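Residues per chain, in single letters:
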Amino acid sequence: MRLKKAFTLLEVLIAIALLGIMLPALYSGVEMLRQSNHHLFESLEKAKKAAKTTEILYLDILNSDGKLDIKKDEFFRLCIENTKNSIYALPAAKVCWVVSKEQHALLRVEGNGYDLPLDSEDNVEIDVVIPHVELFDVYRSKDKSKVLVLIEEKDKDPITFMVQGVSEPEQNKQTVQAQEQEEAPETSSSDLSNSEVK
């Protein structure tokens, strides 16, 4: 009669001990992978939010009538008097991007016919765009066709972009041209002929 080969009790105990050593290592590896995926998802969400913020600000400036009011007093603000880029379906909206003093948050204020600081009867929508902003700055070129925007959130890489092709309102262009003509020294025809001869 032949005896069947089987595992001895000692072999089974050794297998259980090895399994007990390997399972926690395997579990910690799976947990590390799960946390890594969670951090990656959070980073992607923050990147999407930053991209959405820059897109909204970019479209606010690009779709504006060109009348941008940049003020740098006790708190920084950029007001766009008339833009077609409305989040709240207004045909034309006044939009102000303001850094709040207390929270250092970047706010977007949208409405019609309001002035800063806001009154209690102003009908506006206020959105917190970036909760902890360290830098929000806007520069406009001398010819007023380009706008440079700098945004830096706390513990994040700065965001910088330029909007080109910003048009100046027609009445402002005419006013500027009229002022330039008034400031230019008038030259007589004799002055022109003398300068040509020389």
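Residues numbered from 1 in each chain as written. Predicted model: local features only at pLDDT ≥ 70, side-chain atom pairs only at ≥ 80, totals over all residues. Heavy atoms only, no water.

In this structure, what is going on with the sheet that holds strand E5 (residues 124-130)? I would like to understand it.
In sheet architecture, strand pairing relies on hydrogen bonds along the backbone and comes in two forms, parallel and antiparallel. The 5 strands lie next to each other as E1-E2-E3-E4-E5, forming an open sheet whose pairing is antiparallel. Of all strands in the sheet, those with a lone pairing partner are strand E1 (68-72) and E5, marking the two edges. Neighbouring strand axes in the sheet, compared pairwise and without regard to direction, differ in orientation by 15° on average. With 6 bridges joining them, strand E4 (residues 106-111) and E5 adopt antiparallel strand pairing. (Pairing = 2+ DSSP bridges. Helix = DSSP H or I, 4+ residues; strand = E, 2+ residues; numbered from the N terminus. Axes fitted to C-alpha atoms, helices over the stretch in contact; angles between N-to-C directions.)

Whenever I open this one, the packing of aromatic side chains confuses me. Can you help?
Pairs of aromatic rings are described using the distance from one ring centre to the other and the angle between the two planes. According to the stated counting rule, one finds 1 aromatic pair in the structure shown. One cation-aromatic arrangement involves Lys 94 over Tyr 114; the distance from NZ or CZ to the ring centre is 4.9 Å. (Phe/Tyr/Trp six-rings, centres within 6.5 Å; stacked < 30°, edge-to-face > 60°. Lys NZ or Arg CZ within 6 Å of the ring centre and 35° of its normal.)

I would appreciate a short explanation of the side chain of Thr 83 in the present structure.
By the secondary structure assignment, Thr 83 is in strand E2 (residues 76-83). At 3.2 Å, the side chain of Thr 83 and the backbone nitrogen of Asn 85 are in polar contact. Once residues lying within four places of it in the same chain are set aside, the contact partners of Thr 83 are Leu 59, Asp 60, Asn 63, Ser 64, Ala 92, Ala 93 and Val 95. (Polar contact = N/O pair within 3.5 Å; in protein donor to acceptor, adjacent residues only side chain to side chain. Contact = heavy atoms within 4.5 Å.)

I'm lost on the sheet that holds strand E8 (residues 159-164) in this one. Help?
Strand order in the open sheet formed by 3 strands is E6-E7-E8, with antiparallel pairing between adjacent strands. Each of the sheet's edge strands pairs with one partner strand only, and the pair in question is strand E6 (133-140) and E8. Within this sheet the neighbouring strands show an average axis-to-axis angle of 10°, counted without direction. Together, E6, strand E7 (146-153) and E8 form the strand contacts of helix H1 (residues 9-62), whose direction differs from that of E8 by roughly 25°.

Would you mind going over the environment of Lys 52 with me for this structure?
With respect to the helices and strands, Lys 52 occurs in helix H1. We classify Lys 52 as partly exposed; its relative accessible area is 46%. In sequence terms Lys 52 and Val 129 are 77 residues apart; their C-alpha atoms lie 9.5 Å from each other. (Buried < 20%, exposed > 50% of the residue type's maximum accessible area, 1.4 Å probe, protein only.)

Quick question: what am I supposed to make of the pairing of E7 here?
For a regular strand, side-chain orientation follows a simple rule: the groups alternate between the two sheet faces. Bridge count for E6 against E7 is 7 bridges, and the pairing is antiparallel. Of the residues in E7, the one forming a bridge with Phe 136 is Ile 151. Counting the residues that bridge the hairpin from E6 to E7 gives 5 residues, and of these Lys 144 lies at a positive phi of roughly 65°. Across 6 bridges, E7 lies against E8 in antiparallel orientation. Within the sheet, the bridge partner assigned to Leu 150 lies in E8 and is Thr 160.

I keep staring at unusual backbone geometry and nothing clicks. Help me out?
Note on backbone geometry: most residues besides glycine have negative phi, and most peptide bonds are trans. Residue Pro 117 is reached from Leu 116 by a cis peptide bond, and omega for that bond is -5°. One non-glycine residue with positive phi stands out, namely His 104, at about 55°. Tracing the sequence through the fold places His 104 in the loop between strand E3 (93-99) and E4. With a phi angle near 60°, Asp 155 is a residue other than glycine that sits in the positive phi range. Mapped onto the fold, Asp 155 is located in the loop between E7 and E8.

Can you help me understand the pattern of salt bridges in this one?
Oppositely charged side chains can form a pair if their charged atoms are brought close together. Within this structure, the stated rule accounts for 8 salt bridges. Among the ionic pairs, Glu 45 bridges to Lys 48, the shortest N-O distance being 3.8 Å. You can see Glu 45 and its partner Lys 48 sitting in helix H1, 3 residues apart, about one turn around the helix. Because the salt bridges share partners, they merge into one network encompassing Asp 60, Arg 108 and Glu 110. (Salt bridge = Lys/Arg side-chain N within 4 Å of Asp/Glu carboxyl O.)

What should I look at first to understand the nonpolar core in this one?
Soluble, globular proteins show a tendency: their nonpolar side chains are buried together. Formed by 23 residues in total, the largest nonpolar core has its most connected members in Leu 57, Ile 61, Leu 78, Trp 97, Phe 136, Val 147 and Val 149. Every element with two or more residues in this core is listed here: H1, E2, E3, E5, E6, E7 and E8. Leave out the neighbours within four places in its chain, and Trp 97 touches Thr 53, Ile 56, Leu 57, Asp 60, Phe 76, Arg 77, Leu 78, Leu 106, Leu 107, Arg 108, Val 129 and Phe 136. Residues Phe 75, Cys 79, Cys 96 and Tyr 114 belong to the second largest nonpolar core, which totals 7 residues. (Core = buried A, V, L, I, M, F, W, Y, C linked by side-chain atoms within 4.5 Å.)

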